[in-house]
Amino acid sequence: MSKTLRRLLRVVVTVVAVVVLLLSAMRLLVPASRLAGMIADGIEEATGATAAFVGAEVDVWPRLRLVLTNGAVVGTGEDLAARTGAAVDLESYAAR
C-alpha cells in the first residue's frame, strides 16, 4: 500500500471515529428536558396554550431528533385568535 493511500485511510478512519464519538456524546451534550421546556414555552408563546411533556429523550440514530412523550396541549380559541390574529371558531381545545 502506498504512503498516500495509508494517509488517506488514516484520515477517513479518524473522521469517522470523531463523528461516532460526537453522536454518542450527544445525549450528554443536549439536555432533553431543557429542550422540552423550550418547546413548551414556544407553543405557549405562539398559541397561548399550555403545553407539558412527561418524557423527553434525544435520539441520534438514524437522525438527530427530540422525542417528547406523554404530552398535552390545552388552550382556548380566544388565546389562539389573539396570538395568531386569525379568526378562530373554537371555544377550547386539548391534544394529548
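What counts and how
Residues numbered from 1 in each chain as written. Predicted model: local features only at pLDDT ≥ 70, side-chain atom pairs only at ≥ 80, totals over all residues. Heavy atoms only, no water. Helix = DSSP H or I, 4+ residues; strand = E, 2+ residues; numbered from the N terminus. Rg over C-alpha atoms; globule rule 2.2 N^0.38 Å. Patch = residues over 30% accessible without salt bridge, like charges linked within 9 Å, V, L, I, M, F, W, Y side chains within 5 Å. Areas by Shrake-Rupley, 256 points an atom, 1.4 Å probe, with all protein chains shown as cover. Salt bridge = Lys/Arg side-chain N within 4 Å of Asp/Glu carboxyl O. Lys, Arg positive; Asp, Glu negative; His and termini not counted. Charge placed at Lys NZ, Arg CZ, Asp CG, Glu CD. Pairing = 2+ DSSP bridges. Axes fitted to C-alpha atoms, helices over the stretch in contact; angles between N-to-C directions. Contact = heavy atoms within 4.5 Å. Parallel < 35°, antiparallel > 145°, perpendicular 65-115°, else oblique. Nonpolar A, V, L, I, M, F, W, Y, C, P; charged D, E, K, R; others polar. Expected span 1.5 Å × (residues − 1). Bend = angle between axes of the 7 residues up to and from the residue.

S.K.: Would you mind showing me how to read the overall build of the chain here?
M.R.: Looking only at helices and strands, the chain has 3 helices and 3 strands in total. Along the chain direction, N to C, the helices and strands of the chain fall in the order α-α-β-β-α-β. Since a compact globule built from 96 residues should have a radius of gyration of about 12 Å, the 22 Å found for the chain marks it as more spread out than a globular shape. With respect to the principal axes defined by its C-alpha atoms, the chain has extents near 75 × 25 × 15 Å.

S.K.: Where do I start with a positive patch on the surface in this structure?
M.R.: A cluster of basic residues, K3, R6, R7 and R10, forms a positive patch on the protein surface. For K3, the location among the structural elements is in helix α1 (residues 3-29).

S.K.: Looking at this structure, how should I read the sheet that holds strand β3 (residues 92-95)?
M.R.: Strands in a sheet are paired, the pairing made by backbone hydrogen bonds, and the direction either parallel or antiparallel. If you walk across this open sheet you meet the 3 strands as β1-β2-β3, and the pairing is antiparallel. In the strand order of this sheet, the two ends are held by β1 (50-59) and β3, each with one partner. Across the sheet, the axes of successive neighbouring strands diverge by a mean angle of 15 degrees, strand direction being ignored. Two strands pair when backbone bridges link them, and strand β2 (residues 65-76) and β3 are joined in this way by 4 bridges, in the antiparallel orientation. Of the residues in β3, the one forming a bridge with V73 is A95. Strands β1, β2 and β3 of the sheet are contacted by helix α2 (residues 32-47), whose axis makes an angle of about 145 degrees with β1.

S.K.: So what exactly am I meant to see when it comes to the packing of α2 against helix α3 (residues 77-84) here?
M.R.: For any two helices packed against each other, one specifies the crossing angle of their axes together with the interaxial distance. At a minimum axis distance of 7 Å, the contact between α2 and α3 shows a crossing angle of 85 degrees. As the angle between them shows, α2 and α3 are arranged roughly perpendicular. For the pair α2 and α3, the contacting residues are E44, E45, A46 and T47 in the first and D79, L80, R83 and T84 in the second. For the contact of α2 with α3, the residue count by class is 2 nonpolar, 2 polar and 4 charged.

S.K.: How should I be thinking about the pairing of β2 in this particular structure?
M.R.: Regular strands place their side chains on alternate faces of the sheet. Pairing analysis gives 9 bridges linking β1 to β2, with the strands arranged antiparallel. Across the sheet, the residue bridging to F53 is G71, located in β2. Counting the residues between successive antiparallel strands, the hairpin from β1 to β2 contains 5 residues.

S.K.: Hey, could you run me through α1 in this one?
M.R.: Each full turn of the α-helix corresponds to 3.6 residues, which orients residues three or four apart in the same direction. Its 27 residues place the ends of α1 37 Å apart at the C-alpha level, agreeing with the 39 Å of an ideal helix rising 1.5 Å per residue. Along α1, the sharpest kink reaches roughly 25 degrees, centred on L23.

Limitation: the analysis is restricted to geometry and does not speak to function.
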